[in-house]
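These are the residues of each chain, in order.
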Amino acid sequence: EGQDKLEPPVDEFGMTPFHVFCSTIIGPISGELLKVLLDTYPYHVLGWKDSNGKLAMDYLVTNWTETTASLLQMALQSWMFSRLERWGATSWMNAMQSKVQATLEEDDKERRLTLWTEAKSSFAQYETMAAPSILEMALWKREIESGRSNNGAKRQALDRGECRCVCGSNVVI
């Protein structure tokens, strides 16, 4: 997903179109504009920080309104929840939905910022924990699909257990 999408331009402040959009929300068409950005650029761009160390979504949380709350939900669906779903991490997904829901429901600005920071931190931890497993699965898949040559010419299919031992993931991880 997102492989055929454009890499966004970044200005001298490290801001992507998402940063600019989220820091200058105007009018009721904001949801439609965000959808255009999400359709144009890969979701991982939402995880990029600008020169102030802020994600685009940080601006939504800081400038809180009903509109920015709904935009945050849209952005998180692409950036966070769709990834957790692809990883098959149901318990992580439930935990993150709970943290995000608490953030969305919080009226106190300082508490909302704290909850948002905790949610981002938890997601970063999940990414760190998931990365080796995803890499290992990719290596296994490559090994299963490629087979192995016994005499340099003949290829044979390998079973999953054998691939795990010979795919090289133990060296990488």
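Preceding this paragraph is the structure being described.
Read on for an overview of the structure.

What counts, and at which threshold
Residues numbered from 1 in each chain as written. Predicted model: local features only at pLDDT ≥ 70, side-chain atom pairs only at ≥ 80, totals over all residues. Heavy atoms only, no water. 1 Å grid on protein atoms, 1.4 Å probe; cavity = no way out; pocket = protein on both sides within 12 Å on 5 of 7 lines; lining within 4 Å. Points joined across faces, edges and corners; volume = space filled by probe spheres on them. Helix = DSSP H or I, 4+ residues; strand = E, 2+ residues; numbered from the N terminus. Expected span 1.5 Å × (residues − 1). Bend = angle between axes of the 7 residues up to and from the residue. Polar contact = N/O pair within 3.5 Å; in protein donor to acceptor, adjacent residues only side chain to side chain. Buried < 20%, exposed > 50% of the residue type's maximum accessible area, 1.4 Å probe, protein only. Lys, Arg positive; Asp, Glu negative; His and termini not counted. Salt bridge = Lys/Arg side-chain N within 4 Å of Asp/Glu carboxyl O. Contact = heavy atoms within 4.5 Å. Phe/Tyr/Trp six-rings, centres within 6.5 Å; stacked < 30°, edge-to-face > 60°.

Right, let's talk about the layout of surface pockets for a bit. Here the largest pocket defines a volume of roughly 190 Å³. Surrounding the largest pocket, H44, G47, K49, G53, L55, W79, R83, K120, F123, A124 and E127 form its lining. Of all the secondary-structure elements, those providing two or more residues to the lining of the largest pocket are α4 (66-87) and α6 (109-146). Ranked by residues supplied to the lining of the largest pocket, first place goes to α6 with 4 residues.

Let us now look at α4. Note on helix geometry: an α-helix contains 3.6 residues per turn, so any two residues three or four positions apart are oriented the same way. With 22 residues, α4 ought to run about 32 Å at 1.5 Å a step, and its terminal C-alpha atoms sit 30 Å apart, in line with that. At Q77, α4 shows its maximal bend, which comes to roughly 50 degrees. The N-cap residue of α4 is T65: its side-chain oxygen and the backbone nitrogen of T67 are 3.2 Å apart.

With respect to the element layout, D50 can be found in the loop between α2 (30-40) and α3 (56-62). The charged side chain of D50 is buried without a salt bridge, its nearest counter-charge being K54 at 6.9 Å. At a separation of 2.5 Å, a polar atom in the side chain of D50 contacts the side chain of Y59. Excluding anything up to four places from it in sequence, D50 contacts F13, G14, M15, H19 and Y59.

As enumerated under the stated definition, the model contains 3 aromatic pairs in all. Taking the centre distance of 6.2 Å and the plane angle of 70 degrees together, the rings of F18 and Y41 count as edge-to-face. Within this pair, whereas F18 is found in helix α1 (residues 17-23), its partner Y41 is found in the loop between α2 and α3, the two being separated by 23 residues in sequence. Taken as a pair, F18 and Y41 share a single burial class, namely buried.

What follows is about the pattern of salt bridges. Evaluated as defined, the whole model comprises 3 salt bridges. Between K120 and D58 there is a salt bridge whose closest N-O contact spans 2.8 Å. Of this pair, K120 sits in helix α6 while D58 sits in helix α3, placing them 62 residues apart in sequence. Of the residues examined, K120 reaches a relative accessible area of 21% and is grouped as partly exposed. We classify D58 as buried; its relative accessible area is 7%.

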